[in-house]
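Residues per chain, in single letters:
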Amino acid sequence: MKKRRRVNNRVDDRVKVSKWKFNLLLFLLVFFSALFVILASFFIKEFIIREISLAPTNTINIVDCGSLDQADTEYILQNDVTSSADCFIIRANDVVLNGQGFKILFNTGGLNDNQGIGVWGANNTVVKDLKLEDGTVDGKGEFGVYVINANNTLIQNTNIKTYNASAIYISESNFTTAINNILNSSSNGIQIISSSFALVVEKSAPPPSAGGGVGSAVTGSPDPVSGGDGSGTISTLSGVIC
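The structure contained in this document is the topic of the report that follows. In this text the structure is predicted, and so the values were computed from the model without any measurement.

Along its length, the chain carries one helix and 16 strands. Going through the 242 residues of the chain one by one, you find that 43% of them count as buried. Taking as baseline every contact in the chain between residues at least 6 positions apart, the subset at least 24 positions apart corresponds to 54%. Surface summary for the chain: the accessible area is close to 12200 Å², and the carbon and sulfur share equals 56%.

This part takes up the state of the cysteines. Overall, the coordinates contain one disulfide when judged by the stated rule. Between the sulfur of cysteine 65 and that of cysteine 87 lies a disulfide, 2.0 Å long from S to S. Judged by the sign of its S-S torsion, about -80°, the cystine formed by cysteine 65 and cysteine 87 is left-handed. Taken together, the residues cysteine 65 in the loop between strand 1 (58–62) and strand 2 (66–68) and cysteine 87 in the loop between strand 4 (81–82) and strand 5 (88–90) connect sequence positions 22 residues apart.

Phe88, Ile90, Leu97, Ile104 and Ile117 are the most contacted members of the largest nonpolar core, which totals 32 residues. Take this core: its biggest share by element is three residues, from strand 9 (residues 125–134). Leave out the neighbours within four places in its chain, and phenylalanine 88 touches Ile62, Asp64, Cys65, Gly66, Leu68, Leu77, Val81, Leu97, Ile104, Gly116, Ile117 and Gly118. Of all hydrophobic cores here, the second largest spans five residues; its members include Leu54, Val96, Val126 and Leu154.

Turning next to the pairing of strand 9. The element strand 9 is extensively covered by neighbouring structure, given that seven of its ten residues are classed as buried. Where strand 6 (residues 95–98) lies against strand 9, four bridges are found, and the strand directions are parallel. Its bridge partner being in strand 9, valine 96 is matched across the sheet by valine 126. Relative to strand 11 (residues 153–162), strand 9 runs parallel, the two being bridged by eight bridges. Its bridge partner lying in strand 11, valine 126 is registered against leucine 154.

Our focus in this paragraph is the sheet that holds strand 8 (residues 115–120). If you walk across this open sheet you meet the six strands as 2-5-8-10-12-15, and the pairing is parallel. Here the strands that pair on one side only, and so sit at the sheet edges, are strand 2 and strand 15 (190–193). Strand-to-strand twist in this sheet, taken as the mean axis angle between neighbours without regard to direction, amounts to 10°. Looking at chain direction, strand 8 and strand 10 (residues 143–148) are connected through five bridges and run parallel.

On to the side chain of glutamate 74. If you trace the backbone, glutamate 74 turns up in strand 3 (residues 73–77). No salt bridge is formed by the buried glutamate 74; the nearest opposite charge belongs to lysine 128, separated by 4.7 Å. Only 3.3 Å separates the side chain of glutamate 74 from the side chain of asparagine 98, close enough to count as a polar contact. The contact partners of glutamate 74, leaving out residues within four places of it in the chain, are Pro56, Asn58, Thr59, Ile60, Val96 and Asn98.

To continue, consider the packing of aromatic side chains. The full count for this structure, using the stated rule, is three aromatic pairs. Centre to centre, the rings of phenylalanine 143 and tyrosine 169 are 4.6 Å apart; their planes meet at 35°, and the pair counts as tilted. Of the two residues, phenylalanine 143 is situated in strand 10 and tyrosine 169 in strand 12 (residues 168–171); the sequence distance between them amounts to 26 residues. You can call phenylalanine 143 buried: its relative accessible area is 15%. For the ring pair tyrosine 146 and tyrosine 169, a centre distance of 5.2 Å and an interplane angle of 5° mean the geometry is stacked. Of the two residues, tyrosine 146 sits in strand 10 while tyrosine 169 sits in strand 12, which places them 23 residues apart along the sequence. The exposure class assigned to tyrosine 169 is buried, which follows from its relative accessible area of 14%. One aromatic cluster in this structure is built from Phe143, Tyr146 and Tyr169.

Opposite charge on two side chains permits them to pair, given that their charged atoms come into close proximity. This model, assessed by the stated rule, comprises one salt bridge. The shortest N-O distance in the salt bridge between glutamate 133 and lysine 103 comes to 3.0 Å. Of this pair, glutamate 133 sits in strand 9 while lysine 103 is found in strand 7 (residues 103–106), placing the two residues 30 residues apart along the sequence. Relative accessible area serves as the criterion here: at 33%, lysine 103 is assigned to the partly exposed category.

Criteria and cut-off values
- Residues numbered from 1 in each chain as written.
- Predicted model: local features only at pLDDT ≥ 70, side-chain atom pairs only at ≥ 80, totals over all residues.
- Heavy atoms only, no water.
- Helix = DSSP H or I, 4+ residues; strand = E, 2+ residues; numbered from the N terminus.
- Buried < 20%, exposed > 50% of the residue type's maximum accessible area, 1.4 Å probe, protein only.
- Contact = heavy atoms within 4.5 Å.
- Areas by Shrake-Rupley, 256 points an atom, 1.4 Å probe, with all protein chains shown as cover.
- Disulfide = S-S within 2.5 Å.
- Core = buried A, V, L, I, M, F, W, Y, C linked by side-chain atoms within 4.5 Å.
- Pairing = 2+ DSSP bridges.
- Axes fitted to C-alpha atoms, helices over the stretch in contact; angles between N-to-C directions.
- Lys, Arg positive; Asp, Glu negative; His and termini not counted.
- Salt bridge = Lys/Arg side-chain N within 4 Å of Asp/Glu carboxyl O.
- Polar contact = N/O pair within 3.5 Å; in protein donor to acceptor, adjacent residues only side chain to side chain.
- Phe/Tyr/Trp six-rings, centres within 6.5 Å; stacked < 30°, edge-to-face > 60°.

Okay, structure coming up:
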């Protein structure tokens, strides 16, 4: 009888330990999930605040493609523009490119490795309110927005169409945000390489002609978002959108 009680006590102890482990695991899961949400919300707010607070002291109206190399300046597009190669290359810090809803048609010459808008080594950049399209259907390597060695870049309210390259390409750049964009690409919607803290927020459904998809990264093959599952909601802190 005593032996049976000892066995039952051991079983009870094991059950108690199992319940304790389960409760600890559940607590850790809830805790880290809440921590992730808090951190994600913080970074989203930081990006939105940065967009509002970035108010360049200089304003330049532009009517053609070219290099945007004057710091602390808002460049305001006045009309649709066309380029046989690259269109706008941003090389200075604290620059806003305001498209005012106009269209940028780039790479009409059919060459490789062009981009509609390049952000090259420039920090605190906003690209917003424009349409961007690759002018060559059978080209290769023509990115819509190409961000490299640049930190704190915001891409907002754009409609980008590319064919054999990512609509938005981010490389070796941190704190990049894409908000409310419609991306249509036969490659990746957004591709991220060696970058951290990239966020995609505010889902925007594409028009029926765009081929479906969810979020800012809406279409693309093989993946709407390179490295993730294509849901286009918010990134992990390692920089891969998932």
